[in-house]
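Structural overview for review
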Number of protein chains: 2
Amino acid sequence: MEVFFLGTGAGMPAKLRNVTSIALKLLEERGTIWLFDCGEATQHQVLHTSIKPRRIEKIFITHLHGDHIYGLPGLLSSRSFQGGESEVTLYGPKGLKDYVEISLSTSQTYLKYSLKIIEIEEGVIFEDDAFIVEAKLLEHGIPSYGYRIIEKDRPGTLLADKLLKAGINPGPIYKKIKNGEPIELENGEIIESARFLGPKQKGRIIAILGDTRYCDAAIQLALDADLLVHEATFSSGEESLAYEYFHSTTVQAAKVAEKAGVRKLCLTHISSRYDRTDWMRLVEEARESFPVTVIAEDFKEIHLPLR
Amino acid sequence: MEVFFLGTGAGMPAKLRNVTSIALKLLEERGTIWLFDCGEATQHQVLHTSIKPRRIEKIFITHLHGDHIYGLPGLLSSRSFQGGESEVTLYGPKGLKDYVEISLSTSQTYLKYSLKIIEIEEGVIFEDDAFIVEAKLLEHGIPSYGYRIIEKDRPGTLLADKLLKAGINPGPIYKKIKNGEPIELENGEIIESARFLGPKQKGRIIAILGDTRYCDAAIQLALDADLLVHEATFSSGEESLAYEYFHSTTVQAAKVAEKAGVRKLCLTHISSRYDRTDWMRLVEEARESFPVTVIAEDFKEIHLPLR
Ligand SMILES: [Zn+2]
Ligand SMILES: [Zn+2]
């Protein structure tokens, strides 16, 4: 599981940072990639990576500002041209469906795969065997969602050696054991599956937030997360500017990380007013409140180790 | 007057060629730039040039396929962020207005300049003192326009020395002479203005065409042009493929150039199936019918000298 930054700038594309898009690579976990936001030229950024558009399974849009959505029609079209055939589900605020459908119909683009568009509200917006995704509204003037991606705990691996030693041979019973069900041996003895399973695998938690002022919802979404991706459009000291434009400063992002007790904070959505020589300073500002802070850069990847 | 290529590829962005956009630089002529098509990431390409978005006065869209329009919302928004205040007029096929307006309203983008959107039909779509723009439908499955940009002939420059020698002193009369009106001297003598004017400046003609099969309309738009920009999605020999997909081959573009008697042909909209090592071959194919052929590349500029 990796978080890969395709675009990390604010408002407009700049030479050093494209507008927002973040890929959550779930290649080992489900063979797919989830995208968070899709600013203009996200598909161009993808061209310079190993990401295959046909692997994109879900796209979560935080809010409808242009720097977060204008790359959608092109990415969706190109995925079709390039032979993507599996369904894509698109999640985002009300208005997303009209925008995407009119962009595709104006250009007479007919996708060769099924595209499901879900206009979300707060709460659990997706759940299957392995993952839950929750959305909560942040504070950005227009509806802007933060997403909490929860990997479910996984049962331990089967201890095959121990099973064989106990005289339990491979068969449908192994599946029961894997599922943690109590098992009855041929001699009538009932034993606990847990004896034959390695330790449970704790799931990871990632919080990827849309543009926002410092707010409580951000803390709730990030509680105990392995990684919090939080915007930091402005540097420390620019709190009133940040408030006025519905954005956050480095220090405010760090405060959220600290209160939520996350393992790592990554600052993104960096204004082009800060150039390469300023980036380290931005990180240092955040580290005063929250030491495990890094700053996103286009094409940077953060690996999320198992707990 | 220069034609500057911002994107020269076909269908999808590729590493070597972005999707279509062409800038007609009229900086000397009117202090502005006209854009023809605006594929995704046109604004990103502009970042690497000396083109100022606020200088963009008109945008002509040839057709509504995504690779020709998906960069519009971003470019129009960024022009506003960057302080563009002068009006922009956007010309293109029916459907363009809805697409642009819904993209801007979905993202809650309020431009700080006036944007006029004109859904065109065939004929003269713009005329002022200095330029005429004509549009004609090509053959591309969906409405695809070609544009013929005609610079009007300009009167010769005032020959000030000669005027002074004839005892005609500066004043409102100079304007009359400049306009070619007959003038009456104080002594009642009537003389022809032309005596005091340098040679007339012939205007230039540029034809910039949308995607198309080989067709007569292309020839009519390009008649006697200084430059014809014609698509060449396919190489020679792929005529049936080109026909099927409503595109042209190198040789067909050259045939149009030859029949129209243009001064120069530039091939563009090159498929990514052809890589750098193929480009010279594509040019040579066209040169067999029309020797003065070049191939467009992203960031290439063609200067259009006075006649
Ligand atoms: Zn943003
Ligand atoms: Zn095209």
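Per an unreviewed UniProt entry, chain A is named Ribonuclease Z, and its organism is Cytobacillus eiseniae. Per UniProt, chain A has the following entry under Function (unreviewed entry): "Zinc phosphodiesterase, which displays some tRNA 3'-processing endonuclease activity. Probably involved in tRNA maturation, by removing a 3'-trailer from precursor tRNA." What the UniProt record of chain A gives under Catalytic activity (unreviewed entry) is the line "Endonucleolytic cleavage of RNA, removing extra 3' nucleotides from tRNA precursor, generating 3' termini of tRNAs. A 3'-hydroxy group is left at the tRNA terminus and a 5'-phosphoryl group is left at the trailer molecule."

Let us look at the coordination of the zinc ion (ligand 1). Residues and elements named next belong to chain A. Within the protein, the zinc ion (ligand 1) binds to Asp67 (OD), His68 (NE2), Asp211 (OD) and His269 (NE2); these donor distances fall in the range 2.1 to 2.4 Å. Given 4 donor atoms and angles of 87 to 164 degrees at the metal, the environment of the zinc ion (ligand 1) is assigned as irregular. For the zinc ion (ligand 1), the single-chain donor residues occur in sequence as D-H-x142-D-x57-H. Linking His68 in helix H3 (residues 66–69) with Asp211 in the loop between strand E12 (205–209) and helix H8 (216–222), this pair joins segments that are 143 residues apart in sequence. For His68, a relative accessible area of 1% puts it in the buried group.

Below, the discussion takes up the coordination of the zinc ion (ligand 2). Residues and elements named next belong to chain B. In this structure, Asp67 (OD), His68 (NE2), Asp211 (OD) and His269 (NE2) serve as the protein donors to the zinc ion (ligand 2), at separations of 2.1 to 2.4 Å. Considering all 4 donor atoms around the zinc ion (ligand 2), the spread of angles at the metal, 87 to 165 degrees, places the coordination shape in the irregular class. In primary-sequence terms, the residues that donate to the zinc ion (ligand 2) follow D-H-x142-D-x57-H. There is no split in this pair, since Asp67 and His68 are both buried.

Residues and elements named next belong to chain B. In terms of burial, strand E5 (residues 88–92) is largely enclosed, as 5 of its 5 residues are buried. The two faces of E5 match: Val88, Leu90 and Gly92 on one face and Thr89 and Tyr91 on the other face are all buried. Note that strand E4 (residues 56–60) and E5 share 3 bridges and pair parallel. Residue pairing in the sheet places Phe60 in a bridge with Tyr91 of E5. Since E5 and strand E6 (residues 115–119) lie parallel, the crossover through helix H5 (residues 96–106) that links them has a hand, and here it is right-handed.

Turning to the pattern of salt bridges, a few remarks are in order. This structure, assessed with the given rule, holds 34 salt bridges over all chains. For Glu139 of chain A, the salt bridge is made with Arg213 of chain A, and the minimal N-O distance between the two is 3.6 Å. With Glu139 of chain A in the loop between strand E8 (131–137) and strand E9 (145–151) and Arg213 of chain A in the loop between E12 and H8, this residue pair connects regions lying 74 residues apart in the sequence. A relative accessible area of 12% places Arg213 of chain A in the buried class. Note that Arg204 of chain B and Glu29 of chain B form a salt bridge whose closest N and O atoms lie 3.1 Å from each other.

As a further point, take the interface of chain B and chain A. Listed as interface residues are 36 residues of chain B and, on the opposing side, 36 residues of chain A. Summed over both sides, the interface of chain B with chain A buries roughly 2,700 Å², with 66% coming from carbon and sulfur. Connecting chain B to chain A are 0 salt bridges. In this structure, the connection of chain B to chain A is made through 12 residue pairs in polar contact (both at pLDDT 80 or more).

This next bit is on the domain arrangement of chain A. By a frequent convention, interface size equals the accessible area lost on bringing the separate parts together. The assigned domain composition of chain A is domain 1 (2–154 + 201–301) and domain 2 (160–196). Look at where the C-alpha atoms of domain 1 of chain A and domain 2 of chain A centre, and you get two points 43 Å apart.

Before going further, it helps to spend a moment on the nonpolar core. Ranked by internal contacts, the top residues of the largest apolar core, which has 50 residues, are Ile59 and Leu72 of chain A together with Ile59 and Leu72 of chain B. The residues touching Ile59 of chain A, leaving out its near neighbours within four places in the chain, are Leu35, Leu72, Leu75, Leu76, Val88, Thr89, Leu90 and Tyr91 of chain A.

Below, the discussion takes up the side chain of Thr293 of chain B. Residue and element names in this part refer to chain B. Relative to the elements of secondary structure, Thr293 occurs in strand E15 (residues 293–295). We classify Thr293 as buried; its relative accessible area is 1%. Within the structure, the side chain of Thr293 is placed 2.5 Å from the backbone oxygen of Phe290, a separation counted as a polar contact. Leaving out residues up to four positions away in the same chain, Thr293 has contacts with Leu265, Leu267, Val283, Ala286 and Arg287.

Our focus in this paragraph is the packing of aromatic side chains. In this structure the tally under the stated criterion is 18 aromatic pairs over all chains. With a centroid separation of 4.7 Å and 5 degrees between ring planes, the pair formed by Phe60 of chain A and Tyr91 of chain A is classed as stacked. One end of the pair, Phe60 of chain A, is in strand E4 (residues 56–60); the other, Tyr91 of chain A, is in strand E5 (residues 88–92), with 31 residues separating them in the sequence. Phe60 of chain A gets classed as buried once you look at its relative accessible area, which sits at 0%. What makes Tyr91 of chain A buried here is its relative accessible area of 2%. A ring pair is formed by Phe36 of chain B and Phe60 of chain B, whose centres lie 4.8 Å apart and whose planes are at 10 degrees; its orientation type is stacked. Here Phe36 of chain B, found in strand E3 (residues 32–36), pairs with Phe60 of chain B, found in strand E4; they are 24 residues apart in sequence, far enough to count as distant. Here Phe36 of chain B matches Phe60 of chain B in class, with each residue buried. One aromatic cluster in this structure is built from Trp34, Phe36, Phe60, Tyr91, Phe126, Phe131 and Tyr147 of chain A. Directly above the ring of Trp279 of chain A sits Arg17 of chain A, whose terminal nitrogen or CZ lies 4.0 Å from the centroid. Note that Lys58 of chain B overlies the ring of Phe126 of chain B, its terminal NZ or CZ placed 3.8 Å from the centroid.

Screw-axis analysis of chain B against chain A gives a translation of 0.0 Å along the axis, an RMSD of 0.1 Å, and a rotation angle of 180 degrees. Each copy turns onto its partner about a two-fold axis. Within chain B, the C-alpha atom positioned nearest to the axis of rotation is that of Ala41 of chain B, 2.7 Å from it. Here 100% of the contact residues of chain B are again contact residues in chain A; the copies associate through an equivalent surface.

Residues and elements named next belong to chain B. Strands sit in the order E7-E8-E9-E12-E13-E14-E15 across an open sheet of 7 strands; the sheet is mixed. Edge strands, defined here as strands with exactly one partner in the open sheet, are strand E7 (123–127) and E15. When strand polarity is set aside, the average angle formed by the axes of neighbouring strands in this sheet is 20 degrees. Note that strand E14 (residues 265–268) and E15 share 3 bridges and pair parallel. From the neighbouring strand, Leu265 faces E15, where its bridge partner is Thr293. Along the sheet, helix H10 (residues 250–260) makes contact with strand E13 (227–231) and E14, crossing E13 at roughly 150 degrees. Against the sheet, helix H11 (residues 276–287) makes contact with E14 and E15, and its axis sits at roughly 155 degrees relative to E15, the strand it touches most.

Glancing now at the packing of helix H5 (residues 96–106) of chain A against H5 of chain B. Here H5 of chain A crosses H5 of chain B at 160 degrees, and the two axes come no closer than 10 Å. Relative to H5 of chain B, the element H5 of chain A is oriented roughly antiparallel. Taken as a pair, H5 of chain A and H5 of chain B cross one another with a handedness that is left-handed. Across the interface between the two elements, Tyr99, Ile102, Ser103 and Thr106 of chain A from H5 of chain A touch Tyr99, Ile102, Ser103 and Thr106 of chain B from H5 of chain B. In the contact of H5 of chain A with H5 of chain B, the residues fall into 4 nonpolar, 4 polar and no charged.

Reading guide: rules and limits
- Residues numbered from 1 in each chain as written.
- Chains lettered and ligands numbered in written order.
- Predicted model: local features only at pLDDT ≥ 70, side-chain atom pairs only at ≥ 80, totals over all residues.
- Heavy atoms only, no water.
- UniProt positions renumbered as here; feature names shortened; annotations may be inferred.
- Donors = N, O, S within 2.8 Å, 3.2 Å for Na, K, Ca; no water.
- Tetrahedral: all angles 85-135°; square planar, octahedral: opposite > 155°, others 65-115°.
- Helix = DSSP H or I, 4+ residues; strand = E, 2+ residues; numbered from the N terminus.
- Buried < 20%, exposed > 50% of the residue type's maximum accessible area, 1.4 Å probe, protein only.
- Pairing = 2+ DSSP bridges.
- Right-handed = clockwise from strand over helix to strand, strands pointing away.
- Salt bridge = Lys/Arg side-chain N within 4 Å of Asp/Glu carboxyl O.
- Contact = heavy atoms within 4.5 Å.
- Buried area = accessible area lost by both parts, 1.4 Å probe.
- Polar contact = N/O pair within 3.5 Å; in protein donor to acceptor, adjacent residues only side chain to side chain.
- Domains from an automatic or database assignment.
- Core = buried A, V, L, I, M, F, W, Y, C linked by side-chain atoms within 4.5 Å.
- Phe/Tyr/Trp six-rings, centres within 6.5 Å; stacked < 30°, edge-to-face > 60°.
- Lys NZ or Arg CZ within 6 Å of the ring centre and 35° of its normal.
- Least-squares fit on C-alpha atoms with pLDDT ≥ 70 in both.
- Axes fitted to C-alpha atoms, helices over the stretch in contact; angles between N-to-C directions.
- Parallel < 35°, antiparallel > 145°, perpendicular 65-115°, else oblique.
- Left-handed = near helix turned anticlockwise from the far one by under 90°.
- Nonpolar A, V, L, I, M, F, W, Y, C, P; charged D, E, K, R; others polar.

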